[in-house]
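# Inside the fold
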Amino acid sequence: MVAKHTRTGLVVLVMFTVITGVIYPVMVTAVAQLTFSHEANGSIIIRDGTAVGSALIGQPFDSPGYFWSRPSATAPFPYNAAASGGSNLSSMNPALVERVHHAVARIRSADTTMHQPVPVDLVTASGSGLDPHISPDAARVQVPRIAREHGISSGLLYALVDHHTERPLFGFFGAPRVNVLLLNLDLDGLRQTGGTR
Amino acid sequence: MMTRYATALRDALRKMDPRQMIRNPVMFVVEIGSAVTTILWVQALTGAGEAPAWFIGAIAFWLWITVVFANVSEAIAEGRGKAQAAALRRSRECVKARRLTGTTPGAGHEDVLAGDLHAGDVVLVASGDLIPADGEVVEGIASVDESAITGESAPVIRESGGDRSAVTGGTRVLSDQLVVRITSEPGGGFLDRMIALIEGAKRQKTPNEIALNILLAAFTIIFLVVCVTLLPFSVFSVHAAGQGTPITVSVLVALLVCLIPTTIGGLLSAIGIAGMDRMIRHNVIATSGRAIEAAGDVDVLLLDKTGTITLGNRMATEFSPAPGVTPERLAEAAHISSMADETPEGRSVAVLAKERYGLRGRGLHEASMHFIPFSAQTRMSGVDIAQEGSAGVRQIRKGASDAVKAFVQSAGGSMPAAVERTIQDISRQGATPLVVAENAEILGVIQLKDIVKGGIKERFARLRSMGIRTIMITGDNPLTAAAIAAEAGVDDFLAEARPEDKLQLIREHQREGKLVAMTGDGTNDAPALAQADVAVAMNTGTQSAREASNMIDLDSNPTKLMEIVEIGKQLLMTRGALTTFSIANDVAKYFAIIPAAFATTYPALGMLNIMGLGSPASAILSAVIFNALIIVALIPLALKGIRYAPMSAATLLRRHLLIYGVGGLIAPFIGIKAIDLLLTSFGLG
Amino acid sequence: MTIAGAVQLTAFLLVLLATVRPLGRYMARVYGGERTFLHPLIGPIERLMHRFAGIRPDDEFGWKENAIAMLIFNALGFIVVYVLQRTQGMLPFDPGRFPGVPPDLAFNTAVSFVSNTNWQAYGGETTMSHLTQMLGLTVQNFVSAATGMAVLVLFIRGIARHSAHTLGSFWVDLIRSVLYILLPLSVILSLGLVSQGVVQTFDGTRTIPFLDRVVDAGGADVPSQAIAVGPVASQIAIKQLGTNGGGFFNTNAAHPFENPTPVSNSLELLAILLIPAALCYTFGVMVGDTREGWAILAAMLVIFIPFVVLTAGAEQAGVPSYTGGGVGMQASPGQPGGNMEGKEVRFGIMQSALWATATTAASNGSVNAMHDSFTPMGGFVTLVMMQLGEVVFGGVGSGLYGMLVFVIVAVFVAGLLVGRTPEYLGHKIEPYDMKMASLLILIMPLLVLGGTALGVALEAGRSSITNPGPHGFSQVLYAFTSTGNNNGSAFAGLAANTPFYNVAGGIAMLVSRYWLAIPALALAGSLAAKKRIPASEGTLPTHTALFVSWLVAIVLIVGALNFIPALALGPLVEHLLL
């Protein structure tokens with residue numbers, strides 16, 4: 001009985017290895033490459049013929065002149081897309097509370113005129129460490145600083161944020177968000193055109 | 001009364017022997033816990049305890065009490081039967097028997113002790129003697145006092161041949177004498193088995209009890225793991241919180257005992273014994289607990305019509321004369337023909353004739369009458385009367401219509417069409433037509449009717465709502481059977497039933513997966529009784545019927561089957577209710593013990609102390625004391641059983657979940673709080 | 001919970017419920033050997049497999065032979081995955097040039113994937129070659145799920161049959177599960193996911209310069225970002241559908257390439273519960289009364305929904321200790337608010353909370369947010385969902401047979417309460433059945449509590465803890481709760497890639513999977529052999545609201561009572577200290 005089933009098991013395993021381990025991914029890859037080539041290869045953003053990033057993978061921004069992205073817990077540097085990771089700090093962990101307070105302090109010191117509460121997403125690390133988004137509020141609180149930094153009118157910047165705001169699907173699926181890399185790329189564009197867009 | 005409890009307590013203490021306790025895994029764990037805490041207490045007395053000695057001592061004391069209470073419940077349940085068994089045993093000590101050395105009464109005999117009799121021995125039992133062992137009457141007729149086993153003081157008749165030939169060892173012959181062939185080996189007699197059953201010595205766990213025990217054992221193991229692992233958890237937590245002391249072993253044991261299902265574990269065997277005991281009090285001896293349980297599951301009841309559904313005897317209710325015959329003439333002929341008929345039916349004809357027409361046995365000379373008894377061949381009875389002064393003989397016959405018809409035809413007469421119609425009408429109504437003829441002339445028809453017992457229809461409706469179908473078994477023709485079935489409200493009937501038809505019917509139902517119960521008394525019932533899942537033999541029945549069945553009804557009351565079913569259901573329900581109650585209790589106990597156990601490590605857990613218990617020590621003690629006391633509080637319920645009211649399964653479930661599930665959630669909150677208030681008021685804790 | 005959150009939950013549940021009947025009926029047809037619309041396409045492949053493997057489609061075995069076949073097949077799978085990992089450095093198709101995996105980790109991972117747990121002690125993109133991911137892990141994603149489904153189908157036949165000595169053939173049901181159910185659904189889902197941006201390529205990594213200046217922990221400039229890609233969509237599809245949960249990347253479905261948009265998130269979320277929910281209906285069809293299936297699904301939802309609400313509420317409420325620092329945690333149209341540590345902005349609170357509850361309810365274990373960083377109550381829910389024994393949806397197949405064991409226990413006690421020897425769907429519940437059911441219920445708390453005790457008692461276990469206070473305890477508890485229930489999610493802060501956790505966790509996964517599957521099959525064999533007890537007025541109906549409530553109570557009481565002390569020392573006290 002054991003011998004018979006072992007033989008059967010071996011054959012079944014080999015055949016499934018071929019079907020689900022080779023044919024299936026190869027077939028899906030082929031179809032994906034044909035139909036959704038951009039998405040299947042990482043949604044790479046091409047500007048002037050060169051890849052400047054992925055629309056789905058966040059990049060760290062903490063220069064005063066850019067919209068900052070969320071803190072990232074990847075090692076050894078933030079937004080390491082070869083080794084994703086979250087902080088895994090518990091709510092009660094003093095290290096987390098301290099890190100949050102520190103992040104808030106940095107934001108406030110970069111813009112001393114800012115008095116409203118800092119949106120929580122801007123001072124917390126994402127699960128992947130690669131979150132490409134911040135909330136629209138988190139983008140808007142940064143507008144005065146960036147406007148001052150580049151001498152661009154806040155109105156234009158608010159409009160830019162609005163332009164990049166993705167709303168939840170049907171108004172409730174997911175959360176409102178702004179892609180920081182795309183926003184900053186457009187911000188760069190705006191600066192080059194001297195604020196007239 | 002006091003001695004009964006004293007005996008129970010003594011028995012309870014004897015049951016503390018771990019070798020006995022291990023049969024009940026839940027209580028065995030409690031006993032081990034008691035021993036462990038006692039050792040810890042002794043250690044604390046010497047000054048090196050993990051907690052104050054009074055606290056550990058109090059826990060140890062109440063754990064021992066928990067074990068004792070559980071054993072007391074079992075001992076009380078057993079106690080009742082024991083007293084009965086002792087009386088039985090006394091009654092048959094040193095019985096002498098006269099063993100016949102030959103096969104005839106005159107063959108001479110030798111005196112032997114009852115205990116030396118073997119199956120096949122033949123003994124002579126004279127009036128005033130105790131019957132030495134179970135047996136079959138081979139010769140004689142006697143009145144026998146069976147009160148020792150039935151409690152019924154009226155003597156019963158035992159005679160050779162027929163359905164009343166079985167005698168039971170330990171009963172006393174009051175008049176005449178019997179020759180009895182012994183059918184049981186020493187110690188294997190009915191009374192022996194009864195004693196053993198009552199004492200619970202042979203009590204085996206029933207399948208359902210085993211299944212429940214497995215579940216309870218699983219819970220026990222799980223909670224054991226919960227408590228054992230709590231120690232390292234607690235040590236770690238003390239380290240993580242940087243304060244407090246780890247949970248003590250005594251508190252862990254207390255928690256364990258509170259969590260494992262001690263309520264049901266402690267009362268489980270008492271419930272089973274009490275079920276047996278309830279049967280005995282209904283004068284039913286069950287040969288196994290399994291049979292009682294099966295009774296609760298019965299799907300189909302086979303009931304003999306006669307005696308169970310109807311009053312037992314058909315009664316004459318109407319005279320329907322043939323055209324041209326006066327009712328008086330019919331009544332007179334019927335009366336005369338029934339004069340020698342001592343059967344209840346025959347008597348009822350005479351009674352009806354007397355009541356309706358004032359007839360008496362007037363002016364007839366017995367000498368001139370020649371009575372012809374009923375026989376299975378002729379299916380008629382009657383009388384031939386030699387007429388004074390004439391050569392003619394009045395031949396009066398009454399009997400089954402076709403038999404009488406043949407009789408009339410042989411004399412050159414015929415059956416009038418109107419009478420044929422009457423016969424059919426009567427049959428259709430479920431009654432029996434008895435045709436009366438004189439020589440070649442049909443005089444008319446006597447209607448014999450079965451009288452359905454009062455209230456029986458309602459009982460069947462109740463059974464139906466319990467999911468039990470009733471099937472009436474009768475020797476009547478289908479027409480008659482259908483009418484009675486309709487009147488009595490049974491679900492189905494088996495007409496013109498022969499013993500092998502019964503057997504066949506039982507097998508059919510069993511093939512469909514149904515459990516069948518039946519009652520029987522005659523030897524010809526034995527195969528069907530043996531086949532039925534629940535077979536109740538009448539105590540008046542034959543030995544073979546009694547041996548084929550798994551219950552014996554000492555009252556020989558066929559409707560007892562319904563009570564037996566209810567007792568079976570009660571037994572299961574009581575188990576289920578206490579299991580549910582026991583597990584539901586755990587919620588409150590957690591609320592009492594968890595905050596208390598970790599009070600020093602995580603004072604924040606005090607939020608869970610929603611009962612507001614006085615102190616950690618009083619909280620833990622209260623839970624343990626409640627856990628012990630609830631066993632005592634529920635002993636009456638375990639012994640009496642949950643009241644059974646016939647209703648659908650869903651309604652029953654809802655009701656019992658509310659009472660024992662929700663009740664089990666709430667009760668300990670109240671109980672533990674009350675005990676805590678008491679403890680605190682005494683300054684404990 | 002916000003209104004949008006409530007709408008989202010409702011919409012999700014409605015869509016899920018809408019799939020139950022069509023998919024459930026389809027699966028019943030497949031397992032019943034009836035023709036479906038896929039037969040013209042897949043029938044030839046199925047026949048080919050039968051021919052090569054020497055399987056006769058009408059061969060049927062008793063429970064023991066099926067159990068042996070299942071064990072043999074899983075043992076073979078274990079060997080393959082183990083050997084692949086150990087030797088991947090010498091094998092082709094390794095663009096990341098990863099060396100062979102150390103023995104303890106390879107053991108852990110092999111057990112993990114064979115047992116449908118998919119606990120990942122490793123980071124996917126930094127440890128496994130494409131070859132290992134495809135030939136080892138992806139294949140096991142299919143066949144471990146199919147094993148669970150095949151065992152379930154054998155189990156259901158045990159309930160559906162009477163006076164029978166066989167349950168069917170493990171091989172036939174295994175092959176059907178993969179070819180007719182998992183594979184077609186995976187193809188559809190993977191293409192749907194690619195359309196949302198999930199990558200599907202055989203390339204290794206792409207390096208792209210950073211826009212802003214980036215420095216690493218040591219202060220050195222980091223000029224560019226190496227973006228790991230791979231054949232992701234095909235693996236994600238099956239890991240969600242098969243309640244596997246093992247991601248391609250370290251951060252699983254939180255990684256934008258595994259789960260880029262709310263749409264992909266909803267699809268993957270649906271995929272977690274899709275088959276477990278529909279199998280309830282399949283069960284109903286196979287036992288001849290779909291009400292029985294709906295009743296079980298109802299019981300699952302009755303437990304599931306309040307826990308989702310609890311998690312969402314706790315996460316939305318946020319972390320009080322931040323507020324002092326001037327952090328805004330109020331949800332508004334412009335921001336998700338709440339506890340966003342470890343969560344992705346695109347999912348916000350509701351999709352993270354819903355996912356966390358679903359992935360722990362079903363024994364999926366994939367995560368789109370870091371459970372370790374959840375609030376204590378959120379973490380509490382994830383623990384409880386697993387500690388109920390993975391029977392609220394549970395693993396594909398294994399969840400339902402686990403739930404059916406609870407049904408049998410519920411029937412047993414309820415049967416006593418109505419004064420009748422308990423019976424379920426015409427089977428009398430006898431001591432042997434209770435023995436098997438007890439074994440099934442017993443082993444999980446034993447593994448979880450025993451493992452946790454070992455973890456907190458040994459230095460080898462304690463040294464992996466990364467969060468202070470009661471949360472450190474929760475981390476260890478979570479690890480053994482997850483492995484002891486074949487879930488696979490983690491409080492990922494725990495440094496789990498150590499010999500202690502690799503071996504102890506591996507044993508927990510091994511025992512919890514097979515210790516449950518074998519008694520379940522034995523129980524099925526015993527049920528099948530019984531004569532049918534016809535239902536009567538005295539029979540307790542098992543499809544009513546009353547019975548469903550009772551079942552829920554049994555699941556909660558049997559599950560929760562065992563873990564209350566442990567939970568009190570972990571998330572509960574942490575919540576009270578918050």
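These notes cover the structure that comes with them. Just so it is clear, the structure is predicted and the values come from calculations on it, not from any experiment. Within any chain, residue numbers begin from 1 and follow the written order of that chain's sequence. Each chain is given a letter, starting from A, and each ligand a number, starting from 1, according to the order in which they appear as written. Reporting of local features is limited, given that this is a predicted model, to residues whose pLDDT is at least 70; pairs of side-chain atoms are given and counted only at 80 or more, and all residues count toward the totals for whole chains, interfaces and linings. Values reported for side chains reflect all heavy atoms of the structure, with hydrogen atoms and water molecules removed beforehand.

With that out of the way, let us pick up the overall build of chain C. Each helix corresponds to a stretch of at least 4 residues labelled H or I by DSSP, and each strand to a stretch of at least 2 residues labelled E; elements are numbered beginning at the N terminus. When its secondary structure is counted, chain C shows 19 helices and 5 strands. Relative to a compact globule of 578 residues, whose C-alpha radius of gyration would be 25 Å, chain C shows 23 Å and is just as compact. The C-alpha extent of chain C, read off along each of the three principal axes, is 75 × 55 × 45 Å. Relative to its full complement of 578 residues, chain C shows a buried share of 71%. Element-wise, carbon and sulfur atoms account for 66% of the exposed surface of chain C, whose accessible area totals about 15,200 Å². Atoms counted for the radius of gyration: C-alpha only. Globule rule: 2.2 Å times the number of residues to the power 0.38. Categorising residues by exposure relies on relative accessible area from a 1.4 Å probe, with only protein chains included: less than 20% of the type maximum marks a residue as buried, more than 50% marks it as exposed, and the intermediate range marks it as partly exposed. Each accessible area is a Shrake-Rupley result for a 1.4 Å probe, and residues are judged covered by the shown protein chains and nothing else.

Okay, unusual backbone geometry next. Cis geometry is adopted by the peptide bond preceding Pro76(A), which originates at Ala75(A) and carries an omega value of -5°. Topologically, Pro76(A) is positioned in the loop between β2 (50-54) and α3 (94-110). Positioned with a positive phi, Ser163(C) is a non-glycine residue whose angle comes to about 50°. Summarising the element assignment, Ser163(C) is placed in the loop between α6 (130-160) and α7 (170-196).

Turning to a nonpolar patch on the surface, a few remarks are in order. All names here are of chain A. Patches draw on residues past 30% relative accessible area with no salt bridge. Two like charges within 9 Å are joined, as are two nonpolar side chains (Val, Leu, Ile, Met, Phe, Trp, Tyr) within 5 Å. By definition here, a salt bridge exists when the distance from a side-chain nitrogen of Lys or Arg to a carboxyl oxygen of Asp or Glu is within 4 Å. Together, Val14, Val18, Val22, Ile23, Val26, Met27 and Val31 make up a nonpolar patch on the protein surface, roughly 520 Å² of accessible area in all. On the secondary structure map, methionine 27 appears in helix α1 (residues 2-35). The class of methionine 27 is partly exposed, set by a relative accessible area of 39%.

Residue and element names in this part refer to chain C. The span one expects for a helix is its residue count, reduced by one, times 1.5 Å. An ideal rise of 1.5 Å per residue puts 16 Å on 12 residues; helix α13 (residues 376-387) measures up with 16 Å between its terminal C-alpha atoms. In terms of burial, α13 is a largely internal element, 12 of the 12 residues being buried. Those residues of α13 that fall on the buried side of the exposure criterion are Pro376, Met377, Gly378, Gly379, Phe380, Val381, Thr382, Leu383, Val384, Met385, Met386 and Gln387. Every residue pair with non-hydrogen atoms within 4.5 Å of one another is taken to be in contact. The inward-facing, buried residues of α13 abut α10 (290-317), α12 (348-361), α15 (431-457), α17 (470-483) and α19 (545-577). The first or second residue beyond α13 is glycine 389, which carries a positive phi of 95°.

Moving on, we get to the interface of chain C and chain A. When the parts of a complex come together, some accessible area is lost, and that lost area is often used as the size of the interface. With 119 residues of chain C at the interface, the matching set in chain A holds 106 residues. Across the chain C/chain A interface, buried area totals approximately 8,700 Å², and carbon plus sulfur atoms make up 68% of it. Remark: the boundary between chain C and chain A carries 3 salt bridges. The residue Arg99(A) makes a salt bridge to Glu341(C) at a minimum N-O spacing of 2.5 Å. For the purposes of these results, a polar contact is taken to be a pair of N or O atoms within 3.5 Å, where, inside protein, one atom must be able to donate a hydrogen and its partner to accept one; residues adjacent in sequence count only when each atom of the pair is a side-chain atom. On inspection of chain C and its partner chain A, the count reaches 45 residue pairs in polar contact (both at pLDDT 80 or more). For the side of chain C that touches chain A, the leading source of residues is α7(C), giving 12 residues. Relative to strand β3 (residues 327-328) of chain C, strand β3 (residues 118-119) of chain A runs parallel, the two being bridged by 2 bridges. The residue bridging Pro119(A) from the neighbouring strand is Gly328(C), located in β3(C). Two parts placed together each lose some accessible area under a 1.4 Å probe, and the buried area is that loss summed for both. Strands pair, by our definition, only if DSSP identifies at least two bridges between them.

Now for the interface of chain B and chain C. Across the contact, 60 residues belong to chain B and 56 residues belong to chain C. When chain B packs against chain C, the two sides together hide about 5,000 Å² of surface, and 78% of this comes from carbon and sulfur. In terms of surface lost to chain C, no three residues of chain B exceed Phe233(B), Phe236(B) and Leu653(B), which account for 14% of the buried area on that side. On inspection of chain B and its partner chain C, the count reaches 2 salt bridges.

In this section: the environment of Pro616(B). Residue and element names in this part refer to chain B. Considering the arrangement of structural elements, one finds proline 616 in helix α22 (residues 616-640). Counting along the chain gives 27 residues from proline 616 to arginine 643, while the straight-line C-alpha distance between them is 39 Å. Setting aside residues up to four positions removed in sequence, proline 616 forms contacts with Ala596 and Ala599.

Residue and element names in this part refer to chain C. Classification of ring pairs uses Phe, Tyr and Trp, with its six-membered ring standing for Trp, and accepts pairs whose centres are within 6.5 Å; under 30 degrees between planes counts as stacked, over 60 as edge-to-face, and the remaining range as tilted. Under the definition given, this model contains 27 aromatic pairs over all chains. Note on phenylalanine 73 and tryptophan 171: the rings are 5.6 Å apart at their centroids and 90° apart in plane angle, and the pair reads as edge-to-face. Of this pair, phenylalanine 73 sits in helix α3 (residues 63-87) while tryptophan 171 sits in helix α7; the two residues are 98 residues apart in sequence, bridging distant segments of the chain. Considered together, phenylalanine 73 and tryptophan 171 belong to a single accessibility category, that of buried residues. Pairing phenylalanine 78 with phenylalanine 107 gives two aromatic rings, centres 6.1 Å apart and planes at 75°, and the pair type is edge-to-face. With phenylalanine 78 in helix α3 and phenylalanine 107 in helix α4 (residues 103-114), this residue pair connects regions lying 29 residues apart in the sequence. Among the residues examined, phenylalanine 78 registers a relative accessible area of 25% and is labelled partly exposed.

Turning to the arrangement of the chains, a few remarks are in order. Ranking the 2 pairs of chains in contact by number of contacts places chains A and C first. The two units chain A and chain B remain apart, with a minimum C-alpha distance of 13 Å.

Residues and elements named next belong to chain B. Spatially, the 3 strands line up as an open sheet ordered β6-β5-β8, and their pairing is antiparallel. The open sheet is flanked by β6 (156-159) and β8 (172-173), the only strands paired with a single partner. Inspection of the sheet shows strand β5 (residues 141-145) paired to β6 by 4 bridges, in the antiparallel sense. Of the residues in β6, the one forming a bridge with valine 144 is valine 156.

Along a regular strand, successive side chains alternate from one face of the sheet to the other. Residues and elements named next belong to chain B. Buried residues dominate strand β20 (residues 516-520), accounting for 5 of its 5 residues. Burial along β20 is two-sided: the face carrying Val516, Met518 and Gly520 and the face carrying Ala517 and Thr519 are both buried. Of the pairings in the sheet, the one linking strand β11 (residues 300-304) to β20 comprises 3 bridges and is parallel in character. By the bridge assignment, leucine 301 is partnered in β20 with alanine 517. Strand direction decides the pairing type here: β20 and strand β21 (residues 534-538), joined by 4 bridges, are parallel. What sits directly across from methionine 518, in β21, is alanine 535.

Here we take up the environment of Ile557(C). With respect to the secondary-structure elements, Ile557(C) resides in helix α19. C-alpha of Ile557(C) to C-alpha of Thr201(C): the two residues are 356 residues apart in sequence and 48 Å apart in space.

Another aspect to go through is the pattern of salt bridges. Residues and elements named next belong to chain B. What the rule picks out here adds up to 46 salt bridges over all chains. Arginine 19 is paired through a salt bridge with aspartate 17; the nearest N and O atoms lie 2.7 Å apart. Using a relative accessible area of 68% as the deciding quantity, one classes arginine 19 as exposed. Taking the shortest distance from any N to any O, the salt bridge between arginine 394 and glutamate 332 comes out at 3.4 Å.

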